[in-house]
Amino acid sequence: MKAHEIFRALSSAELDQIVLDACQDDEIPDKIAGGVLTYQRIPLTRFERLPDDTRRAYVRRTLRDKRGADLSLYVLSAALVQKKPAMISDFLEAVGLPHDGPSLSIEGEIPEPEAEKLTAAIDGLLAGYPPREVSIYLHAFGSQPDVHWARLDERLKTDPALVLEDLSAT
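These remarks concern the structure in this document.

### Structural notes on the overall build of the protein
Of the regular secondary structure elements, the protein holds 10 helices and two strands. Tracing the protein from N to C terminus, the helices and strands come up as α-α-α-α-α-α-α-β-β-α-α-α. Rg of the C-alpha trace for the protein: 16 Å, near the compact-globule value of 15 Å for 170 residues, within the 12% margin. Projected onto its principal axes, the C-alpha positions of the protein cover 55 × 35 × 25 Å. Counting over 170 residues, the protein shows a buried share of 41%. Considering only residue pairs separated by 6 or more positions, the protein has 68% of its internal contacts joining residues 24 or more positions apart. For the protein, the accessible surface area stands at approximately 9000 Å², while carbon and sulfur atoms represent 51% of it. The average position of the 20 basic charges and that of the 29 acidic charges among the side chains of the protein differ by 9 Å.

Below, the structure is given as C-alpha coordinates:
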(Lines give C-alpha, C1' and ligand atoms only; values in the text may rest on other atoms or scores of the structure.)
Protein backbone atom coordinates (compact mmCIF):
# COMPACT_ATOMS: atom_id res chain seq x y z
CA MET A 1 0.00 0.00 0.00
CA LYS A 2 1.43 3.34 -1.05
CA ALA A 3 1.31 6.41 1.19
CA HIS A 4 -1.43 8.09 -0.84
CA GLU A 5 -3.51 4.91 -0.45
CA ILE A 6 -2.92 5.01 3.31
CA PHE A 7 -4.26 8.57 3.31
CA ARG A 8 -7.31 7.37 1.36
CA ALA A 9 -8.13 4.96 4.21
CA LEU A 10 -7.86 7.61 6.92
CA SER A 11 -10.72 9.66 8.25
CA SER A 12 -10.53 13.39 7.61
CA ALA A 13 -9.75 13.94 11.30
CA GLU A 14 -6.89 11.39 11.22
CA LEU A 15 -5.47 12.93 8.06
CA ASP A 16 -5.73 16.44 9.49
CA GLN A 17 -3.91 15.32 12.66
CA ILE A 18 -1.13 13.72 10.63
CA VAL A 19 -0.69 16.96 8.69
CA LEU A 20 -0.55 18.95 11.94
CA ASP A 21 1.99 16.51 13.39
CA ALA A 22 4.11 16.66 10.24
CA CYS A 23 3.99 20.46 10.21
CA GLN A 24 6.07 20.51 13.39
CA ASP A 25 8.91 20.13 10.91
CA ASP A 26 9.30 23.67 9.52
CA GLU A 27 9.84 22.49 5.93
CA ILE A 28 6.58 20.57 5.66
CA PRO A 29 4.01 23.42 5.36
CA ASP A 30 5.75 24.87 2.31
CA LYS A 31 6.05 21.44 0.69
CA ILE A 32 2.36 20.72 1.28
CA ALA A 33 1.34 24.13 -0.06
CA GLY A 34 3.53 23.63 -3.12
CA GLY A 35 1.98 20.21 -3.71
CA VAL A 36 -1.54 21.57 -3.42
CA LEU A 37 -0.81 24.43 -5.83
CA THR A 38 0.87 22.09 -8.30
CA TYR A 39 -1.44 19.06 -8.24
CA GLN A 40 -4.71 20.94 -7.81
CA ARG A 41 -3.64 23.73 -10.20
CA ILE A 42 -4.73 26.52 -7.92
CA PRO A 43 -3.09 29.94 -8.11
CA LEU A 44 -1.47 30.97 -4.82
CA THR A 45 -3.52 34.16 -4.56
CA ARG A 46 -6.75 32.18 -4.85
CA PHE A 47 -5.60 29.52 -2.39
CA GLU A 48 -4.68 32.16 0.19
CA ARG A 49 -8.19 33.61 0.07
CA LEU A 50 -9.98 30.28 0.55
CA PRO A 51 -11.57 29.51 3.93
CA ASP A 52 -9.58 27.17 6.21
CA ASP A 53 -12.00 24.27 5.71
CA THR A 54 -11.63 24.52 1.94
CA ARG A 55 -7.82 24.66 2.15
CA ARG A 56 -7.83 21.57 4.40
CA ALA A 57 -10.02 19.78 1.87
CA TYR A 58 -7.52 20.60 -0.90
CA VAL A 59 -4.67 19.28 1.29
CA ARG A 60 -6.60 16.05 1.92
CA ARG A 61 -7.33 15.68 -1.80
CA THR A 62 -3.66 16.23 -2.67
CA LEU A 63 -2.34 13.72 -0.15
CA ARG A 64 -4.83 11.12 -1.38
CA ASP A 65 -3.91 11.73 -5.02
CA LYS A 66 -1.62 9.23 -6.76
CA ARG A 67 0.25 12.14 -8.37
CA GLY A 68 1.22 13.31 -4.88
CA ALA A 69 2.53 9.91 -3.75
CA ASP A 70 6.03 11.20 -2.94
CA LEU A 71 4.63 14.14 -0.99
CA SER A 72 2.26 11.80 0.86
CA LEU A 73 5.12 9.54 1.94
CA TYR A 74 7.17 12.55 3.01
CA VAL A 75 4.32 14.00 5.10
CA LEU A 76 3.38 10.65 6.63
CA SER A 77 7.01 9.87 7.51
CA ALA A 78 7.52 13.30 9.08
CA ALA A 79 4.36 12.92 11.19
CA LEU A 80 5.34 9.46 12.41
CA VAL A 81 8.86 10.58 13.32
CA GLN A 82 7.41 13.56 15.22
CA LYS A 83 4.69 11.70 17.12
CA LYS A 84 5.70 8.02 17.22
CA PRO A 85 9.49 7.93 17.68
CA ALA A 86 9.37 5.30 20.45
CA MET A 87 7.23 2.94 18.35
CA ILE A 88 9.50 3.36 15.34
CA SER A 89 12.62 2.85 17.44
CA ASP A 90 11.11 -0.24 19.10
CA PHE A 91 10.38 -1.77 15.70
CA LEU A 92 13.78 -0.99 14.20
CA GLU A 93 15.50 -2.36 17.29
CA ALA A 94 13.40 -5.54 17.28
CA VAL A 95 14.13 -6.31 13.62
CA GLY A 96 17.82 -5.55 14.11
CA LEU A 97 18.18 -2.57 11.80
CA PRO A 98 20.80 0.06 12.65
CA HIS A 99 19.09 3.27 13.69
CA ASP A 100 19.45 6.50 15.59
CA GLY A 101 16.15 6.80 17.44
CA PRO A 102 13.39 6.73 14.81
CA SER A 103 15.80 7.20 11.89
CA LEU A 104 17.49 4.38 10.02
CA SER A 105 21.27 4.58 9.86
CA ILE A 106 21.63 2.73 6.57
CA GLU A 107 21.22 3.80 2.97
CA GLY A 108 19.88 1.81 0.07
CA GLU A 109 17.89 -1.40 0.08
CA ILE A 110 16.73 -2.32 3.59
CA PRO A 111 17.30 -6.03 4.14
CA GLU A 112 14.32 -8.10 5.24
CA PRO A 113 14.84 -9.70 8.65
CA GLU A 114 14.29 -13.37 9.40
CA ALA A 115 10.64 -14.39 9.65
CA GLU A 116 10.78 -15.05 13.39
CA LYS A 117 12.39 -11.69 14.11
CA LEU A 118 9.84 -9.81 12.01
CA THR A 119 6.93 -11.69 13.61
CA ALA A 120 8.24 -10.93 17.10
CA ALA A 121 8.76 -7.26 16.23
CA ILE A 122 5.22 -6.87 14.87
CA ASP A 123 3.70 -8.77 17.79
CA GLY A 124 5.67 -6.56 20.18
CA LEU A 125 4.29 -3.42 18.57
CA LEU A 126 0.74 -4.75 18.69
CA ALA A 127 1.16 -5.58 22.37
CA GLY A 128 2.44 -2.10 23.23
CA TYR A 129 0.62 0.32 20.91
CA PRO A 130 -2.88 0.80 19.49
CA PRO A 131 -3.37 -1.53 16.48
CA ARG A 132 -4.44 1.28 14.11
CA GLU A 133 -1.26 3.25 14.87
CA VAL A 134 0.84 0.12 14.34
CA SER A 135 -0.98 -0.60 11.09
CA ILE A 136 -0.47 2.93 9.76
CA TYR A 137 3.23 2.85 10.68
CA LEU A 138 3.89 -0.60 9.20
CA HIS A 139 2.02 0.26 6.00
CA ALA A 140 4.08 3.47 5.76
CA PHE A 141 7.30 1.57 6.46
CA GLY A 142 6.43 -0.99 3.80
CA SER A 143 5.67 1.74 1.26
CA GLN A 144 9.19 3.14 1.34
CA PRO A 145 11.00 2.65 -1.97
CA ASP A 146 13.88 0.75 -0.34
CA VAL A 147 11.66 -1.76 1.51
CA HIS A 148 10.66 -4.93 -0.33
CA TRP A 149 9.65 -7.28 2.46
CA ALA A 150 7.33 -10.01 1.21
CA ARG A 151 6.62 -11.32 4.72
CA LEU A 152 5.63 -7.84 5.95
CA ASP A 153 3.38 -7.31 2.93
CA GLU A 154 1.71 -10.67 3.54
CA ARG A 155 1.15 -9.96 7.24
CA LEU A 156 -0.30 -6.52 6.46
CA LYS A 157 -2.80 -8.15 4.09
CA THR A 158 -3.81 -11.09 6.26
CA ASP A 159 -3.60 -10.04 9.93
CA PRO A 160 -6.96 -8.54 10.95
CA ALA A 161 -5.20 -6.26 13.46
CA LEU A 162 -3.06 -4.80 10.66
CA VAL A 163 -5.50 -4.54 7.78
CA LEU A 164 -6.03 -0.82 7.44
CA GLU A 165 -9.76 -0.27 7.83
CA ASP A 166 -11.11 2.40 5.51
CA LEU A 167 -12.45 5.24 7.66
CA SER A 168 -12.46 7.85 4.89
CA ALA A 169 -16.23 8.22 5.04
CA THR A 170 -16.05 9.40 8.64
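### Thoughts on the nonpolar core
Counting residues in each nonpolar core, the largest one holds 48 residues, and the members touching the most others are Val75, Leu76, Phe91, Tyr137, Leu138, Phe141 and Trp149. Per-element accounting of this core gives the leading share, seven residues, to helix α6 (residues 69-83). For Phe141, the contacting residues outside a window of four places in its chain are Phe91, Leu92, Leu97, Leu104, Ile110, Val147, Trp149 and Leu152.

### Some points on the side chain of Ser143
For Ser143, the position within the fold is in the loop between α9 (131-142) and α10 (150-158). Since its relative accessible area comes to 8%, Ser143 is described here as buried. If near-sequence neighbours (up to four positions away) are discounted, Ser143 is found in contact with Met1, Lys2, Ala3 and Leu73.

### Considerations on the pattern of salt bridges
Counted by the stated rule, this structure contains nine salt bridges. The partner of Glu14 in a salt bridge is Arg132, and the shortest N-O contact between them spans 2.6 Å. Remark: Arg132 occurs in helix α9 and Glu14 occurs in helix α2 (residues 12-22); sequence separation between them is 118 residues. On the accessibility criterion, Glu14 (22% relative accessible area) is partly exposed. Between Arg67 and Asp65 there is a salt bridge, with the nearest N and O atoms lying 2.6 Å from each other. Residue class for Arg67 comes out partly exposed when judged on its relative accessible area of 45%. Since its relative accessible area comes to 17%, Asp65 is described here as buried.

### Brief notes about α10
Among the residues of α10, those classed as buried are Leu152, Arg155 and Leu156. Projection of α10 onto a plane perpendicular to its axis shows the buried side chains occupying an angular sector of 100 degrees, all on one side. Of the exposed residues in α10, those oriented more than 90 degrees away from the buried face are Ala150 and Lys157. Buried positions along α10 lie against α8 (115-128) and α9.

About the criteria used
- Residues numbered from 1 in each chain as written.
- Predicted model: local features only at pLDDT ≥ 70, side-chain atom pairs only at ≥ 80, totals over all residues.
- Heavy atoms only, no water.
- Helix = DSSP H or I, 4+ residues; strand = E, 2+ residues; numbered from the N terminus.
- Rg over C-alpha atoms; globule rule 2.2 N^0.38 Å.
- Buried < 20%, exposed > 50% of the residue type's maximum accessible area, 1.4 Å probe, protein only.
- Contact = heavy atoms within 4.5 Å.
- Areas by Shrake-Rupley, 256 points an atom, 1.4 Å probe, with all protein chains shown as cover.
- Lys, Arg positive; Asp, Glu negative; His and termini not counted.
- Charge placed at Lys NZ, Arg CZ, Asp CG, Glu CD.
- Core = buried A, V, L, I, M, F, W, Y, C linked by side-chain atoms within 4.5 Å.
- Salt bridge = Lys/Arg side-chain N within 4 Å of Asp/Glu carboxyl O.
- Arc of directions from axis to C-beta.

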